[in-house]
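Structural characterization, general
The primary structure of each chain is shown beneath.
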Amino acid sequence: MASKILDSFLSENLKDLKDKGLYNVIDPLQGANGPIIKIAGKELINLSSNNYLGLATNQRMINASIEATKKYGVGAGAVRTINGTLKIHVELEEKLAAFKGTEAAIAFQSGFNCNMGAISAVMDQNDAILSDELNHASIIDGCRLSKAKIIRYKHSDMDDLRLKAKQAKESGQYKKIMVITDGVFSMDGDIAKLPEIIEIAQEFDLITYVDDAHGSGVLGKGAGTVKHFGLSDKVDFQIGTLSKAIGVVGGYVAGKKDLIDWLKVRARPFLFSTSLTPGAAAACIEAINILTESTELYEKLWENGNYLKKGLKDLGFNIGESETPITPCIIGEEEKTQIFSKRLNEEGVYAKAIVFPTVPRGTGRVRNMPSAGHSKEMLNKALAIYEKVGKEMGII
Ligand SMILES: *Cc1c(COP(=O)(O)O)cnc(C)c1O
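Residues numbered from 1 in each chain as written. Predicted model: local features only at pLDDT ≥ 70, side-chain atom pairs only at ≥ 80, totals over all residues. Heavy atoms only, no water.

The name recorded for the chain in an unreviewed UniProt entry is 8-amino-7-oxononanoate synthase, from Crassaminicella thermophila. Note on the chain: under the UniProt heading Sequence similarities (unreviewed entry), the record states "Belongs to the class-II pyridoxal-phosphate-dependent aminotransferase family." Of the comments in the UniProt record for the chain, the one headed Cofactor (unreviewed entry) reads "pyridoxal 5'-phosphate". (UniProt positions renumbered as here; feature names shortened; annotations may be inferred.)

Listed below in structure tokens is the structure:
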């Protein structure tokens, strides 16, 4: 018999979310996740994906994935530490290390898994972690899993970080102290102040950990935020995902050889979960080949990002302080933001509302993610729809 306690827990909580209009219904896409998507038979300009370079549908990568699948099969068959590793996983890690400019790299099944595995492989209950208050959920969970003391500092506030690093160091309570930050913050599109963070880290002997999920492929000619600032030899952990700009799935840590060797024997998702499929590994390798051969997609992404930003700003929208192609359009009040996003959808633009608790109350926004795959025509059409809905709702 089913559990009555579970039944009532679920029905009460689901009802509560639905009553408050907070229950998220997931739209099934009738086709690939490209610059135009089809939902319920209707085509929409897609400004919601993390497919920054349009690589999710890249033909060279699709072909590489098919070839590898034919050669190695659809699945890796086992955890790498138990049944040996496929050559293609080693190739991927060598490619990633070369691309990032580090001694070595280790691939995981996702960016989320990287943070589950890498933090707790090094940090424990005798340690402390200084964490930016706006860090991604997977960083927060990874920190909790390590059992280290978590000390949050105000978002990108270097005075607060310095103060808390000093207090932690001088307390003598902790064996190791780490500072951990997103490279690019996904809700506002701002970049972590890495040069200052590294300076503070050197002053107080902190381990440095940068999760560059939204920076990889987007900054530093594709190599990420750390490269953008020329700090490749000064950051201990460089985390990246293969599921955003790279367009496939997976995550990785790039760093010194000793660190990577340690993660291969201590990071639990690496030890207890089957690795990436051969097809995914091959597609990721081809993506890095594409990024290494030419900066064309990278330049197109920035051109499109700047074009959309200027267009929205000229129309009179508040687009915040983004330093990357991520373009928030800040509406403010939660309900108004939801209605705005719904109206954009009805007119042909797919751009999701992001509201409290994901962002602070009163800063509801529709977040736009332009990509290299968008044409000027698509962006112009999106801007015309923004203008129409913005005027209709008295926002501009
Ligand atoms: C998206 C994201 C992740 C998760 O990456 P996946 O590969 O999708 O699991 C981790 N960290 C940050 C900062 C992210 O933005």
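Resuming the write-up.
1. Quick word on the sheet that holds strand β11 (residues 349–350)
Across the sheet, 3 strands lie side by side as β1-β2-β11; this open sheet has mixed pairing. Each edge of the sheet is formed by a strand with only one pairing partner; in this case those strands are β1 (36–39) and β11. Pairing analysis gives 2 bridges linking strand β2 (residues 42–46) to β11, with the strands arranged parallel. Directly across from I45, in β11, lies its bridge partner V349. Across the sheet, helix α15 (residues 376–392) lies against β1, β2 and β11, angled at about 95 degrees from β2, the strand it touches most. (Pairing = 2+ DSSP bridges. Helix = DSSP H or I, 4+ residues; strand = E, 2+ residues; numbered from the N terminus. Contact = heavy atoms within 4.5 Å. Axes fitted to C-alpha atoms, helices over the stretch in contact; angles between N-to-C directions.)

2. As for helix α10 (residues 257–266)
For α10, the full list of buried residues reads L259, I260 and L263. Mapping the buried residues of α10 onto a view down its axis gives an arc of 95 degrees, with all of them on the same face. On the buried face of α10, the contacting elements are β3 (104–108), α5 (111–122), β8 (237–241), β9 (251–255) and α11 (268–272). (Buried < 20%, exposed > 50% of the residue type's maximum accessible area, 1.4 Å probe, protein only. Arc of directions from axis to C-beta.)

3. So, the nonpolar core
Counting residues in each nonpolar core, the largest one holds 36 residues, and the members touching the most others are Y52, L53, L55, L92, L96 and L242. Secondary-structure elements contributing two or more residues to this core are α2 (59–72), α4 (87–100), β3, β9 and α12 (278–293). Ranked by the residues each element gives to this core, the list is headed by α12, at 9 residues. The two domains that each donate at least three residues to this core are domain 1 (15–46 + 295–393) and domain 2 (59–293). Not counting chain neighbours up to four residues away, the residues in contact with L96 comprise A105, L242, Y252 and I288. (Core = buried A, V, L, I, M, F, W, Y, C linked by side-chain atoms within 4.5 Å. Domains from an automatic or database assignment.)

4. Details of the pairing of strand β4 (residues 128–132)
Of all 5 residues that make up β4, 5 are buried, and the element is covered over most of its length. In β4, alternate side chains face the same way, and those of A128, L130 and D132 on one face and I129 and S131 on the other are all buried. Pairing analysis gives 5 bridges linking β4 to strand β5 (residues 149–153), with the strands arranged parallel. Each residue of the ladder has a partner; that of A128, found in β5, is K149. Of the crossover connections in this fold, the one passing from β4 over helix α6 (residues 137–146) to the parallel β5 is right-handed. The pairing of β4 with strand β6 (residues 177–182) spans 4 bridges and is parallel. Of the residues in β6, the one forming a bridge with A128 is I177. (Right-handed = clockwise from strand over helix to strand, strands pointing away.)

5. Here's the deal with the pattern of salt bridges
A full pass over the atoms with the stated rule returns 24 salt bridges. For D141, the salt bridge goes to R144, with nearest N and O atoms at 3.6 Å. Here D141 pairs with R144, and both are found in helix α6, just 3 residues apart, close to one helical turn. Judged by its relative accessible area of 57%, R144 is exposed. Here D188 and R365 are joined by a salt bridge, their closest N and O atoms 3.0 Å apart. Taken as a pair, D188 in the loop between β6 and α8 (194–204) and R365 in strand β13 (residues 364–368) lie far apart in primary sequence, 177 residues in all. Look at D188 and you get partly exposed, because its relative accessible area is 25%. A relative accessible area of 3% means that R365 is categorised as buried. (Salt bridge = Lys/Arg side-chain N within 4 Å of Asp/Glu carboxyl O.)

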